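Tertiary structure, described
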Amino acid sequence: MDPVVILILVAAVVVVFLVASTVRVVPQARRYNIERFGRFRRTLQPGLNFVLPVADRINTKLDVREQVYSSEPKPVITEDNLVVNIDTVLYYQVTDPRAAAYEVADYLQAIDQLTVTTLRNVIGSMDLEGTLTSREEINARLRTVLDDATGKWGIRVNRVEIKAIDPPQTIKEAMEKQMRAERDKRAAILHAEGERQAKILTAEGTKQKDILEAQGTQQAMTLRADGEAKAVERVFQAVHRNNADPKVLAYKYLETLPHLAASDNNTFWVIPGELTEAVRTVTTAFGDQSEMGLPQAAQAGKAGAAAAHGTSDAGGGGGAERTAESALPQDAAAAVDEAARQAAATVNDAKAEAQAAASTTRVPGRGPSAQRVNGGGSSGD
(Lines give C-alpha, C1' and ligand atoms only; values in the text may rest on other atoms or scores of the structure.)
Protein backbone atom coordinates (compact mmCIF):
# COMPACT_ATOMS: atom_id res chain seq x y z
CA MET A 1 0.00 0.00 0.00
CA ASP A 2 1.20 3.45 -0.79
CA PRO A 3 2.53 5.29 2.30
CA VAL A 4 0.65 8.40 1.27
CA VAL A 5 -2.62 6.59 1.42
CA ILE A 6 -1.72 5.25 4.83
CA LEU A 7 -0.95 8.74 6.09
CA ILE A 8 -4.23 10.02 4.73
CA LEU A 9 -6.13 7.27 6.48
CA VAL A 10 -4.34 7.94 9.77
CA ALA A 11 -5.02 11.63 9.47
CA ALA A 12 -8.71 10.97 8.81
CA VAL A 13 -8.93 8.74 11.87
CA VAL A 14 -7.26 11.38 14.00
CA VAL A 15 -9.63 14.05 12.74
CA VAL A 16 -12.66 11.89 13.46
CA PHE A 17 -11.35 11.19 16.94
CA LEU A 18 -10.68 14.87 17.59
CA VAL A 19 -14.12 15.85 16.38
CA ALA A 20 -15.75 13.15 18.48
CA SER A 21 -13.75 14.29 21.51
CA THR A 22 -14.64 17.92 20.95
CA VAL A 23 -18.41 17.67 20.53
CA ARG A 24 -20.61 16.78 23.57
CA VAL A 25 -24.42 16.48 23.40
CA VAL A 26 -26.11 16.84 26.82
CA PRO A 27 -29.72 15.51 27.14
CA GLN A 28 -32.49 17.56 28.70
CA ALA A 29 -32.59 17.61 32.56
CA ARG A 30 -28.98 16.48 32.69
CA ARG A 31 -25.87 18.33 33.82
CA TYR A 32 -22.26 17.35 33.08
CA ASN A 33 -19.34 18.57 35.16
CA ILE A 34 -16.23 19.18 33.01
CA GLU A 35 -12.71 19.00 34.42
CA ARG A 36 -9.66 20.30 32.59
CA PHE A 37 -6.49 18.59 33.64
CA GLY A 38 -8.25 17.42 36.83
CA ARG A 39 -9.75 20.74 37.82
CA PHE A 40 -13.41 21.71 37.59
CA ARG A 41 -13.89 23.84 34.52
CA ARG A 42 -17.60 24.25 33.92
CA THR A 43 -21.00 22.50 33.81
CA LEU A 44 -22.35 21.58 30.42
CA GLN A 45 -25.98 22.56 29.82
CA PRO A 46 -28.45 20.52 27.73
CA GLY A 47 -27.75 20.66 23.99
CA LEU A 48 -24.58 20.74 21.82
CA ASN A 49 -21.38 21.63 23.66
CA PHE A 50 -17.68 21.77 22.56
CA VAL A 51 -14.75 20.85 24.73
CA LEU A 52 -11.03 20.55 24.23
CA PRO A 53 -10.05 17.05 23.29
CA VAL A 54 -7.72 15.26 25.65
CA ALA A 55 -7.63 18.29 28.02
CA ASP A 56 -11.29 18.30 29.05
CA ARG A 57 -13.15 15.32 30.43
CA ILE A 58 -16.55 14.66 31.96
CA ASN A 59 -16.30 14.04 35.71
CA THR A 60 -19.97 13.52 36.81
CA LYS A 61 -23.31 13.32 35.11
CA LEU A 62 -26.19 14.52 37.29
CA ASP A 63 -29.98 14.36 36.90
CA VAL A 64 -31.57 17.64 38.00
CA ARG A 65 -35.12 16.30 38.08
CA GLU A 66 -36.91 15.75 41.43
CA GLN A 67 -35.89 12.43 42.85
CA VAL A 68 -37.58 10.09 45.32
CA TYR A 69 -35.58 8.23 47.91
CA SER A 70 -37.14 5.65 50.24
CA SER A 71 -35.01 4.73 53.22
CA GLU A 72 -34.99 1.47 55.12
CA PRO A 73 -36.87 1.22 58.46
CA LYS A 74 -34.81 2.76 61.23
CA PRO A 75 -35.28 1.97 64.95
CA VAL A 76 -36.09 5.05 67.01
CA ILE A 77 -36.72 5.27 70.78
CA THR A 78 -39.64 7.37 71.98
CA GLU A 79 -39.85 9.39 75.17
CA ASP A 80 -41.64 6.55 76.98
CA ASN A 81 -38.78 4.14 76.07
CA LEU A 82 -40.51 2.26 73.28
CA VAL A 83 -38.62 1.24 70.15
CA VAL A 84 -40.45 1.95 66.90
CA ASN A 85 -39.33 1.42 63.32
CA ILE A 86 -39.90 4.40 61.03
CA ASP A 87 -39.77 4.46 57.24
CA THR A 88 -39.31 7.81 55.50
CA VAL A 89 -39.73 8.97 51.92
CA LEU A 90 -37.54 11.85 50.74
CA TYR A 91 -38.27 14.10 47.75
CA TYR A 92 -35.19 16.11 46.70
CA GLN A 93 -33.73 17.88 43.68
CA VAL A 94 -30.18 18.79 42.59
CA THR A 95 -29.95 22.54 42.23
CA ASP A 96 -26.17 22.94 42.01
CA PRO A 97 -24.36 20.16 40.09
CA ARG A 98 -20.92 21.41 41.08
CA ALA A 99 -21.71 21.42 44.83
CA ALA A 100 -23.45 18.06 44.63
CA ALA A 101 -20.32 16.60 43.00
CA TYR A 102 -17.61 18.32 45.02
CA GLU A 103 -19.12 19.35 48.40
CA VAL A 104 -20.19 15.89 49.53
CA ALA A 105 -18.93 12.47 48.58
CA ASP A 106 -22.36 10.72 48.54
CA TYR A 107 -25.26 13.07 49.06
CA LEU A 108 -27.83 10.24 49.25
CA GLN A 109 -26.04 8.56 52.14
CA ALA A 110 -25.51 11.91 53.81
CA ILE A 111 -29.22 12.74 53.51
CA ASP A 112 -30.20 9.31 54.84
CA GLN A 113 -28.00 9.61 57.93
CA LEU A 114 -29.15 13.16 58.55
CA THR A 115 -32.77 12.00 58.34
CA VAL A 116 -32.16 9.24 60.92
CA THR A 117 -30.47 11.55 63.42
CA THR A 118 -33.13 14.19 63.04
CA LEU A 119 -35.89 11.60 63.54
CA ARG A 120 -34.27 10.39 66.73
CA ASN A 121 -34.04 13.93 68.06
CA VAL A 122 -37.64 14.76 67.16
CA ILE A 123 -39.30 11.50 68.23
CA GLY A 124 -37.14 11.24 71.35
CA SER A 125 -39.11 14.20 72.75
CA MET A 126 -42.51 12.55 72.07
CA ASP A 127 -44.32 9.58 73.51
CA LEU A 128 -45.79 6.81 71.36
CA GLU A 129 -49.23 8.36 71.13
CA GLY A 130 -47.78 11.73 70.18
CA THR A 131 -45.59 10.08 67.56
CA LEU A 132 -48.59 8.33 65.99
CA THR A 133 -50.74 11.45 65.95
CA SER A 134 -48.13 14.12 65.07
CA ARG A 135 -46.92 13.09 61.63
CA GLU A 136 -47.41 16.53 60.13
CA GLU A 137 -45.33 18.13 62.85
CA ILE A 138 -42.57 15.54 62.43
CA ASN A 139 -42.55 16.03 58.64
CA ALA A 140 -42.28 19.81 58.97
CA ARG A 141 -39.39 19.62 61.44
CA LEU A 142 -37.56 17.07 59.30
CA ARG A 143 -37.93 19.18 56.17
CA THR A 144 -36.64 22.29 57.96
CA VAL A 145 -33.52 20.52 59.28
CA LEU A 146 -32.73 18.71 56.03
CA ASP A 147 -33.25 21.79 53.85
CA ASP A 148 -30.86 23.83 55.97
CA ALA A 149 -28.20 21.09 56.00
CA THR A 150 -28.38 20.10 52.32
CA GLY A 151 -28.42 23.64 50.94
CA LYS A 152 -24.62 23.82 50.82
CA TRP A 153 -24.57 20.45 49.05
CA GLY A 154 -26.54 21.78 46.12
CA ILE A 155 -29.60 19.74 47.14
CA ARG A 156 -33.08 21.08 47.86
CA VAL A 157 -35.35 18.89 49.95
CA ASN A 158 -38.89 19.52 48.73
CA ARG A 159 -40.82 17.15 50.97
CA VAL A 160 -40.24 14.54 53.67
CA GLU A 161 -42.96 12.02 54.49
CA ILE A 162 -43.13 9.32 57.15
CA LYS A 163 -44.26 6.23 55.36
CA ALA A 164 -44.81 3.91 58.30
CA ILE A 165 -44.40 3.79 62.07
CA ASP A 166 -44.20 0.22 63.34
CA PRO A 167 -44.33 -0.24 67.14
CA PRO A 168 -43.44 -3.61 68.72
CA GLN A 169 -45.90 -6.49 68.40
CA THR A 170 -46.87 -6.38 72.08
CA ILE A 171 -47.64 -2.70 71.76
CA LYS A 172 -49.77 -3.40 68.70
CA GLU A 173 -51.77 -6.01 70.61
CA ALA A 174 -52.22 -3.63 73.54
CA MET A 175 -53.32 -0.87 71.17
CA GLU A 176 -55.80 -3.18 69.49
CA LYS A 177 -57.26 -4.13 72.88
CA GLN A 178 -57.45 -0.48 73.85
CA MET A 179 -59.18 0.45 70.61
CA ARG A 180 -61.58 -2.46 70.99
CA ALA A 181 -62.39 -1.40 74.54
CA GLU A 182 -62.86 2.19 73.38
CA ARG A 183 -65.24 1.08 70.64
CA ASP A 184 -67.16 -1.12 73.10
CA LYS A 185 -67.36 1.84 75.45
CA ARG A 186 -68.72 4.12 72.74
CA ALA A 187 -71.18 1.43 71.68
CA ALA A 188 -72.38 0.97 75.27
CA ILE A 189 -72.71 4.74 75.70
CA LEU A 190 -74.68 5.06 72.48
CA HIS A 191 -76.88 2.10 73.47
CA ALA A 192 -77.51 3.58 76.92
CA GLU A 193 -78.24 6.97 75.39
CA GLY A 194 -80.70 5.36 73.01
CA GLU A 195 -82.46 3.54 75.86
CA ARG A 196 -82.54 6.77 77.87
CA GLN A 197 -84.11 8.67 75.02
CA ALA A 198 -86.58 5.82 74.46
CA LYS A 199 -87.59 5.78 78.14
CA ILE A 200 -87.93 9.57 78.18
CA LEU A 201 -90.12 9.50 75.11
CA THR A 202 -92.17 6.62 76.54
CA ALA A 203 -92.60 8.46 79.85
CA GLU A 204 -93.62 11.62 78.05
CA GLY A 205 -96.11 9.65 75.97
CA THR A 206 -97.54 7.96 79.08
CA LYS A 207 -97.74 11.33 80.81
CA GLN A 208 -99.58 12.89 77.92
CA LYS A 209 -101.88 9.86 77.74
CA ASP A 210 -102.69 10.06 81.47
CA ILE A 211 -103.26 13.80 81.23
CA LEU A 212 -105.60 13.41 78.28
CA GLU A 213 -107.46 10.55 79.96
CA ALA A 214 -107.76 12.55 83.18
CA GLN A 215 -108.99 15.57 81.26
CA GLY A 216 -111.51 13.39 79.42
CA THR A 217 -112.70 11.82 82.69
CA GLN A 218 -112.93 15.25 84.27
CA GLN A 219 -114.98 16.61 81.40
CA ALA A 220 -117.22 13.53 81.41
CA MET A 221 -117.79 13.79 85.17
CA THR A 222 -118.41 17.52 84.84
CA LEU A 223 -120.93 16.99 82.08
CA ARG A 224 -122.58 14.12 84.00
CA ALA A 225 -122.74 16.23 87.17
CA ASP A 226 -124.15 19.16 85.19
CA GLY A 227 -126.79 16.84 83.72
CA GLU A 228 -127.71 15.43 87.12
CA ALA A 229 -127.82 18.92 88.60
CA LYS A 230 -130.08 20.12 85.80
CA ALA A 231 -132.29 17.03 86.23
CA VAL A 232 -132.57 17.57 89.99
CA GLU A 233 -133.21 21.25 89.47
CA ARG A 234 -135.91 20.50 86.90
CA VAL A 235 -137.55 17.92 89.22
CA PHE A 236 -137.35 20.38 92.12
CA GLN A 237 -138.91 23.10 89.99
CA ALA A 238 -141.63 20.72 88.79
CA VAL A 239 -142.43 19.66 92.37
CA HIS A 240 -142.64 23.24 93.61
CA ARG A 241 -144.46 24.41 90.52
CA ASN A 242 -147.12 21.72 90.98
CA ASN A 243 -147.22 22.28 94.78
CA ALA A 244 -146.96 18.57 95.64
CA ASP A 245 -148.79 17.39 98.74
CA PRO A 246 -146.58 16.05 101.61
CA LYS A 247 -148.66 12.90 101.48
CA VAL A 248 -147.38 12.17 97.96
CA LEU A 249 -143.79 12.84 99.04
CA ALA A 250 -144.21 10.48 102.00
CA TYR A 251 -145.57 7.78 99.70
CA LYS A 252 -142.65 8.24 97.27
CA TYR A 253 -140.29 8.00 100.20
CA LEU A 254 -141.75 4.62 101.14
CA GLU A 255 -141.35 3.49 97.54
CA THR A 256 -137.65 4.43 97.61
CA LEU A 257 -136.82 2.35 100.69
CA PRO A 258 -136.33 -0.99 98.83
CA HIS A 259 -133.71 0.57 96.56
CA LEU A 260 -131.44 1.40 99.49
CA ALA A 261 -130.40 -2.25 99.82
CA ALA A 262 -130.35 -3.08 96.11
CA SER A 263 -126.51 -3.25 95.91
CA ASP A 264 -124.81 -6.65 96.33
CA ASN A 265 -121.90 -5.12 98.25
CA ASN A 266 -124.02 -3.99 101.20
CA THR A 267 -123.39 -6.08 104.32
CA PHE A 268 -125.75 -4.11 106.60
CA TRP A 269 -128.66 -1.76 106.11
CA VAL A 270 -129.55 1.21 108.30
CA ILE A 271 -133.22 2.05 108.72
CA PRO A 272 -133.61 5.83 108.38
CA GLY A 273 -135.10 7.72 111.29
CA GLU A 274 -137.50 9.47 108.94
CA LEU A 275 -139.43 6.20 108.42
CA THR A 276 -141.57 6.87 111.48
CA GLU A 277 -142.41 10.33 110.23
CA ALA A 278 -143.27 8.97 106.79
CA VAL A 279 -145.58 6.31 108.24
CA ARG A 280 -147.13 8.92 110.50
CA THR A 281 -147.72 11.17 107.49
CA VAL A 282 -149.42 8.34 105.59
CA THR A 283 -151.50 7.50 108.65
CA THR A 284 -152.50 11.13 109.08
CA ALA A 285 -153.46 11.26 105.42
CA PHE A 286 -155.77 8.27 105.78
CA GLY A 287 -157.10 9.69 109.05
CA ASP A 288 -157.81 13.05 107.41
CA GLN A 289 -159.71 11.31 104.62
CA SER A 290 -161.83 9.44 107.22
CA GLU A 291 -162.58 12.65 109.07
CA MET A 292 -163.47 14.41 105.84
CA GLY A 293 -165.97 11.66 105.01
CA LEU A 294 -167.50 11.59 108.52
CA PRO A 295 -169.82 14.63 108.25
CA GLN A 296 -171.12 13.50 104.89
CA ALA A 297 -172.01 10.05 106.25
CA ALA A 298 -173.68 11.61 109.35
CA GLN A 299 -175.74 13.95 107.22
CA ALA A 300 -176.82 11.06 105.02
CA GLY A 301 -177.86 9.08 108.10
CA LYS A 302 -179.80 11.99 109.48
CA ALA A 303 -181.61 12.53 106.19
CA GLY A 304 -182.60 8.86 105.98
CA ALA A 305 -183.91 8.86 109.54
CA ALA A 306 -185.98 12.00 108.93
CA ALA A 307 -187.51 10.53 105.78
CA ALA A 308 -188.46 7.23 107.47
CA HIS A 309 -189.85 8.43 110.79
CA GLY A 310 -190.57 12.04 110.01
CA THR A 311 -189.20 13.50 113.18
CA SER A 312 -186.94 12.13 115.82
CA ASP A 313 -185.39 13.23 119.02
CA ALA A 314 -181.80 14.22 119.59
CA GLY A 315 -181.00 10.98 121.35
CA GLY A 316 -181.85 8.83 118.33
CA GLY A 317 -179.85 11.01 115.96
CA GLY A 318 -176.90 10.89 118.28
CA GLY A 319 -176.91 7.06 118.16
CA ALA A 320 -176.75 6.90 114.33
CA GLU A 321 -174.01 9.48 114.35
CA ARG A 322 -171.99 7.46 116.80
CA THR A 323 -172.46 4.35 114.65
CA ALA A 324 -171.01 6.09 111.55
CA GLU A 325 -168.16 7.56 113.51
CA SER A 326 -167.27 4.18 114.99
CA ALA A 327 -167.38 2.49 111.55
CA LEU A 328 -165.23 4.94 109.58
CA PRO A 329 -162.24 5.15 111.96
CA GLN A 330 -162.09 1.36 111.95
CA ASP A 331 -161.67 1.46 108.12
CA ALA A 332 -158.90 4.08 108.48
CA ALA A 333 -157.18 1.98 111.12
CA ALA A 334 -157.34 -1.06 108.86
CA ALA A 335 -155.78 0.96 105.99
CA VAL A 336 -153.05 2.27 108.27
CA ASP A 337 -152.32 -1.25 109.50
CA GLU A 338 -152.13 -2.48 105.91
CA ALA A 339 -149.65 0.32 105.00
CA ALA A 340 -147.60 -0.43 108.10
CA ARG A 341 -147.53 -4.13 107.24
CA GLN A 342 -146.40 -3.38 103.67
CA ALA A 343 -143.65 -1.07 104.97
CA ALA A 344 -142.53 -3.75 107.44
CA ALA A 345 -142.50 -6.37 104.66
CA THR A 346 -140.43 -4.07 102.47
CA VAL A 347 -137.94 -3.51 105.28
CA ASN A 348 -137.71 -7.21 105.99
CA ASP A 349 -137.07 -7.97 102.30
CA ALA A 350 -134.28 -5.39 102.20
CA LYS A 351 -132.74 -6.90 105.31
CA ALA A 352 -132.94 -10.38 103.83
CA GLU A 353 -131.20 -9.23 100.63
CA ALA A 354 -128.44 -7.47 102.62
CA GLN A 355 -128.03 -10.53 104.94
CA ALA A 356 -127.60 -8.24 107.92
CA ALA A 357 -129.15 -10.31 110.70
CA ALA A 358 -131.00 -13.56 111.29
CA SER A 359 -133.72 -12.15 113.50
CA THR A 360 -136.47 -9.84 112.37
CA THR A 361 -136.12 -6.26 113.59
CA ARG A 362 -139.23 -4.43 114.65
CA VAL A 363 -140.02 -1.46 112.43
CA PRO A 364 -139.83 1.86 114.38
CA GLY A 365 -142.98 3.94 114.54
CA ARG A 366 -145.41 1.01 114.16
CA GLY A 367 -146.22 0.70 117.83
CA PRO A 368 -147.09 4.33 118.43
CA SER A 369 -149.08 4.51 115.21
CA ALA A 370 -151.06 1.38 116.08
CA GLN A 371 -151.64 2.61 119.62
CA ARG A 372 -152.79 5.93 118.27
CA VAL A 373 -155.14 4.25 115.82
CA ASN A 374 -156.47 1.81 118.45
CA GLY A 375 -156.91 4.64 120.85
CA GLY A 376 -158.95 6.55 118.29
CA GLY A 377 -161.12 3.46 117.70
CA SER A 378 -161.81 2.93 121.40
CA SER A 379 -162.67 6.55 121.86
CA GLY A 380 -165.02 6.30 118.92
CA ASP A 381 -166.67 3.29 120.49
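Refer to the structure above for everything that follows.
Residues numbered from 1 in each chain as written. Predicted model: local features only at pLDDT ≥ 70, side-chain atom pairs only at ≥ 80, totals over all residues. Heavy atoms only, no water.

Examining the side chain of Thr-88
Our working definition: Secondary structure follows DSSP: runs of H or I at least 4 residues long count as helices, runs of E at least 2 residues long count as strands, and numbering of each begins at the N terminus. Any pair of N or O atoms that falls within 3.5 Å is considered a polar contact. Within protein, one atom must be able to donate a hydrogen and the other to accept it, and sequence-neighbouring residues count only if both atoms are side-chain atoms.
Tracing the backbone shows Thr-88 in strand 8 (residues 83–94). At 2.7 Å, the side chain of Thr-88 forms a polar contact with the side chain of Ser-71.

Topic: a positive patch on the surface
Our working definition: Patch definition: residues above 30% relative accessible area lacking any salt bridge, with like charges linked at up to 9 Å and the nonpolar side chains Val, Leu, Ile, Met, Phe, Trp and Tyr linked at up to 5 Å. Method for areas: the Shrake-Rupley scheme with a 1.4 Å probe, in which residue coverage is limited to the protein chains shown. Salt bridge, as used here, is a side-chain nitrogen of Lys or Arg placed within 4 Å of a carboxyl oxygen of Asp or Glu. By the counting rule applied here, Lys and Arg register as positive and Asp and Glu as negative, while His and the ends of each chain are not counted. We put the charge of a Lys on NZ, of an Arg on CZ, of an Asp on CG and of a Glu on CD.
Residues Lys-177, Arg-180, Arg-183 and Arg-186 make up a contiguous surface patch of positive charge. For Lys-177, the location among the structural elements is in helix 6 (residues 169–242).

Side note on the packing of aromatic side chains
Applicable threshold: Two aromatic rings, drawn from Phe, Tyr or Trp (for Trp, its six-membered ring), form a pair once their centres lie within 6.5 Å of each other, and the interplanar angle then sorts them: stacked below 30 degrees, edge-to-face above 60, tilted otherwise. Working definition: with a 1.4 Å probe on protein chains only, accessible area under 20% of the residue-type maximum means buried, over 50% means exposed, and in between means partly exposed. Any Lys NZ or Arg CZ found within 6 Å of a ring centre and within 35 degrees of that ring's normal is scored as a charge over the ring.
Using the criterion set out here, one finds two aromatic pairs in the structure. An angle of 65° between the planes, with centres 5.6 Å apart, marks the rings of Phe-40 and Tyr-102 as edge-to-face. Note that Phe-40 is positioned in strand 3 (residues 39–44) and Tyr-102 in helix 2 (residues 97–102), a separation of 62 residues in sequence. With relative accessibility at 27%, the residue Phe-40 sits in the partly exposed group. Relative accessible area serves as the criterion here: at 33%, Tyr-102 is assigned to the partly exposed category. Each ring, one from Tyr-92 and one from Tyr-107, has its centre 6.0 Å from the other, and the planes form 65°; the classification is edge-to-face. Of this pair, Tyr-92 sits in strand 8 while Tyr-107 sits in helix 3 (residues 107–123), placing them 15 residues apart in sequence. Neither residue differs from the other here; Tyr-92 and Tyr-107 are each classed as buried. The positively charged end of Arg-159 is found above the aromatic ring belonging to Tyr-91, 4.4 Å away from the centroid.

Quick look at the pairing of strand 7 (residues 74–77)
Note the threshold: Strand pairing follows a simple DSSP-based rule, namely that at least 2 bridges must link the two strands.
Side chains Lys-74 and Val-76 of strand 7 all project onto a buried face; the interleaved residues Pro-75 and Ile-77 project onto a face where none is buried. Counting the residues that bridge the hairpin from strand 7 to strand 8 gives five residues, and of these Asn-81 lies at a positive phi of roughly 60°.

Considering the nonpolar core
Basically, it comes down to this: To define a nonpolar core, start from buried Ala, Val, Leu, Ile, Met, Phe, Trp, Tyr and Cys residues and group those joined through side-chain atoms within 4.5 Å. Any two residues having at least one pair of non-hydrogen atoms within 4.5 Å are treated as being in contact.
Counting residues in hydrophobic clusters, the biggest one holds 28 residues, and the most contacted among them are Ile-86, Leu-90, Tyr-107, Leu-119, Ile-138 and Ile-155. Broken down by secondary-structure element, the contributors of at least two residues to this core are strand 8, helix 3, helix 5 (135–150) and strand 9 (155–166). The element best represented in this core is helix 3, accounting for seven residues. Every residue in contact with Leu-90, bar those within four places of it in the chain, is listed here: Gln-67, Val-68, Tyr-69, Ile-111, Leu-146, Val-157, Arg-159 and Val-160. Residues Val-26, Tyr-32, Leu-44 and Val-51 belong to the second largest nonpolar core, which totals five residues.

Purely spatial values, then, with no claim about function.
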